[in-house]
Amino acid sequence: MYKKINYFPFSHFIFILIIIMILGCGTMREKGFFGTDINQVEALITMLDSLELKLEMASVHMGEANWNIYTGEGPADLDSVKKEFAEILLNEEYQKTVDTWQGRIGTQDNPLLARRLELWHRCFLGATVDNNPEIYSLENKLEKIIADFSYRLNSEAISRAQISQILRLEDDPGKRHRAWGVAAQLSSVVEGDLLRLMAMRNQKARALGFPDYASLCLSLQGVDRKWLEELMAGLEEKTRRPYQTLLDSLKRQWEVETLHPWDMDYLLHKTASLPDSYFTTQEALPILTRFLNAIGFPIETLPIRVVFKDIPYGGLNLAVRIPEDDRLLVGPVQGHRFYGILFHEYGHGLQAVYTRVKPPILKGYEWLLGNTSPGYSEGLADIIADYTQDPLWLTTYTQVPDSLISVYQRAKIQSKIYGLRSLLATITFELEAYGNLGADLDSLHKAFIRQFLFLEISEDEPASWAANTLLTTYPVYFQNYLLSSLISAQVHETMVAKFGEGVVDSVGVGQWLVKNLYEAGETEEWTRRIEKATGRPLGSSAYLRSLKLE
Ligand SMILES: [Zn+2]
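Not measured: the values here are computed from a predicted model. (Residues numbered from 1 in each chain as written. Predicted model: local features only at pLDDT ≥ 70, side-chain atom pairs only at ≥ 80, totals over all residues. Heavy atoms only, no water.)

Peer 1: Explanation requested: the overall build of the protein in the structure shown.
Peer 2: Scanning the protein from terminus to terminus reveals 24 helices and five strands. For a compact globule of 550 residues, the expected C-alpha radius of gyration is about 24 Å, and the protein comes in at 26 Å, within 12% of that figure. Each of the three principal axes of the protein carries a C-alpha extent, and together these read 90 × 55 × 50 Å. For the protein, buried positions account for 49% of its 550 residues. Accessible surface computed for the protein: about 26,100 Å², of which carbon and sulfur atoms make up 54%. Mean positive and mean negative side-chain charge positions of the protein (55 and 70 charges, respectively) differ by 3 Å. (Helix = DSSP H or I, 4+ residues; strand = E, 2+ residues; numbered from the N terminus. Rg over C-alpha atoms; globule rule 2.2 N^0.38 Å. Buried < 20%, exposed > 50% of the residue type's maximum accessible area, 1.4 Å probe, protein only. Areas by Shrake-Rupley, 256 points an atom, 1.4 Å probe, with all protein chains shown as cover. Lys, Arg positive; Asp, Glu negative; His and termini not counted. Charge placed at Lys NZ, Arg CZ, Asp CG, Glu CD.)

Written out as structure tokens, the structure is:
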């Protein structure tokens, strides 16, 4: 316990008493300590409270509508929800009030109010772009094309899941090449509109004073672009040689001269996966329950609903009402990957139901650009998911034999290095594309595949860059998956230092996560939360250590 002791000499007391008498008590009551009128500050707080109640209602309706889209449990009236958001976000009176007050309430004076104003400011900025009717309707048009699109292989319809199965399991490289090539079908259909959409996003962001849309998004997500780019450059450099060594050994092992983008999933799957038989679907939830109970989460009592459903994603978490109602859907994936997805989505759920902050703008509803730190949320989800790859966890909670676990540990590192470099290529492509939309994006895309992945790809391959649907639906989001890996590694390292082997089964782990990472919501910037929880700013060293590269 630490108690601050103030030495306050009696003479000072008399002096202050005289000052009070001169100024008059009324002045002290009406003027705040930061020189603004308390009545006005109270009016501001009342305004924000009522605005945030509306925001929370709209967020709940959005969560319910999205849930209903995938489950069919009820109506999904997205249009009326979008109107609810527009009424809040396009109201100039609200915007003006927030802008006026933002400069006047200092972080030192009233940190909570300053933070609420900062997040409202970000939401209004984000809405200027995302709620623009032209941008919005083009996004909707593209989303519909993507949702309805049917790929064809050898003149037969083929699903995304089937394509990824072929890329992982098909022995014939020619067949893998053809399956990989189908992405160009969607790309050619959406490319023109996607380019137009990206140009419009850029134009709006520039009107707000940002160099381009990517810079605006990073700023609204609380990510310093220069810091991110340096981080990425460091990771690229540190993984370059080990990645080259991996490729050389794959070539020797499989007796091939060159490797192509359609070879890597197949070759890595052969070496870096644990047999599906140890990860049955019916055992997934009981194992999750046993594990989370052991680290101190009474999940039977938590308002997190899990539904297994055939959805177009691996999994999806919807924090419908924070902290009272979280729901998640998990798709029909098999084996070890299924466990990773279920645990990841459940990690999102834990963050939602353990958020203890009251003002809705600080609860972390995901629907508005500027309202959350998505890299942080993905990181919290990965902290839970990464347990499923931990050797001690595998020994404690599954029947996988130790011999397989140690082989997997080595192979996993290789596949993670490839995954990281693929991600670096994708992030770099998107950031560069927004910086230079006039460039030949197909050539740029292929250039990054060669530069980051050292794989052969001919300029004659049809363009496929626009088939990456996140460019349309979740713009400037890929870097969040990089940040999430770094966050998870750094937090795991901190927890291992604190709990030792008990990190997989001590009840204190859950409380530690709640106290340090969940309960305060968006009260502080995410970078600060990580720094406080782990004792240092977010960096790549823990992640590199987990890959045995540092
Ligand atoms: Zn996630």
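Peer 1: Help me understand the coordination of the zinc ion, please; the structure alone is not making it clear to me.
Peer 2: Tetrahedral coordination by four donors places them ideally at 109.5 degrees to one another around the metal; octahedral coordination by six donors ideally gives 90 or 180 degrees. In the first shell of the zinc ion, the protein supplies His344 (NE2), His348 (NE2) and Glu378 (OE), at 2.1 to 2.2 Å from the metal. Read in sequence order, the donor residues coordinating the zinc ion give the pattern H-x3-H-x29-E. In this pair, histidine 344 sits in helix α15 (residues 335–353) while glutamate 378 sits in helix α16 (residues 374–385), placing the two residues 34 residues apart along the sequence. Each member of the pair histidine 344 and glutamate 378 is classed as buried. (Donors = N, O, S within 2.8 Å, 3.2 Å for Na, K, Ca; no water.)

Peer 1: Quick question: what am I supposed to make of empty space enclosed by the protein here?
Peer 2: Vacant regions in the atomic arrangement are exposed by a probe of water-molecule size rolled over the atoms. Going through the model one piece at a time under the given rule, you end up with one cavity of 30 Å³ or more. Along the lines of polarity and charge, the residues of the lining of the largest cavity split into three nonpolar, two polar and one charged. (1 Å grid on protein atoms, 1.4 Å probe; cavity = no way out; pocket = protein on both sides within 12 Å on 5 of 7 lines; lining within 4 Å. Points joined across faces, edges and corners; volume = space filled by probe spheres on them. Nonpolar A, V, L, I, M, F, W, Y, C, P; charged D, E, K, R; others polar.)

Peer 1: Is there a simple way to explain the pattern of salt bridges in this structure?
Peer 2: Two side chains with opposite charge may pair up if their charged atoms get near one another. Tallied over the entire structure, the rule returns 28 salt bridges. Glutamate 522 is the salt-bridge partner of arginine 115, the closest N and O atoms lying 3.7 Å from each other. You can see arginine 115 sitting in helix α6 (residues 111–130) and its partner glutamate 522 sitting in the loop between α22 (508–518) and α23 (526–534), a full 407 residues away along the chain. Close ionic contact of lysine 238 with glutamate 550 constitutes a salt bridge, the shortest N to O distance being 3.5 Å. Within this pair, whereas lysine 238 is found in helix α12 (residues 225–254), its partner glutamate 550 is found in the segment after α24 (541–546), the two being separated by 312 residues in sequence. Under the relative-accessibility criterion, lysine 238 is labelled partly exposed at 39%. Residues joined by salt bridges that share partners form a network here, namely Arg115, Glu118, Arg122, Glu522, Glu525 and Arg529. (Salt bridge = Lys/Arg side-chain N within 4 Å of Asp/Glu carboxyl O.)

Peer 1: What is the right way to look at the sheet that holds strand β5 (residues 325–330) in this model?
Peer 2: The strands that make up a sheet pair up through hydrogen bonds in the backbone, lying either parallel or antiparallel. The three strands lie next to each other as β3-β5-β4, forming an open sheet whose pairing is mixed. Either end of the sheet is taken by a strand with one partner, and the two such strands are β3 (304–308) and β4 (315–321). The mean angle between the axes of side-by-side strands here comes to 15°, regardless of whether they run parallel or antiparallel. As defined by bridge partners, β3 adjoins β5 across five bridges and the pair is classed as parallel. Across the sheet, arginine 305 pairs through a bridge with arginine 327, a residue of β5. (Pairing = 2+ DSSP bridges. Axes fitted to C-alpha atoms, helices over the stretch in contact; angles between N-to-C directions.)

Peer 1: What exactly am I supposed to notice about the domain arrangement of the protein here?
Peer 2: Interfaces are often sized by the accessible area lost when the parts come together. Taken as a whole, the protein is organised into domain 1 (151–274 + 407–473) and domain 2 (277–399 + 476–541). Each of domain 1 and domain 2 has a C-alpha centre, and the two are 26 Å apart. Both sides of the domain 1 and domain 2 interface together cover about 2,300 Å² of buried area, and 71% of this is carbon and sulfur. If you look at where domain 1 meets domain 2, you find zero salt bridges. Where domain 1 packs against domain 2, one counts seven residue pairs in polar contact (both at pLDDT 80 or more). Put simply, the parts of the chain that give the side of domain 1 that touches domain 2 at least two residues each are α11 (213–220), α12, α18 (402–435) and α20 (470–473). Top contributing element to the side of domain 1 that touches domain 2 by residue count: α18, with 12 residues. (Domains from an automatic or database assignment. Buried area = accessible area lost by both parts, 1.4 Å probe. Polar contact = N/O pair within 3.5 Å; in protein donor to acceptor, adjacent residues only side chain to side chain.)

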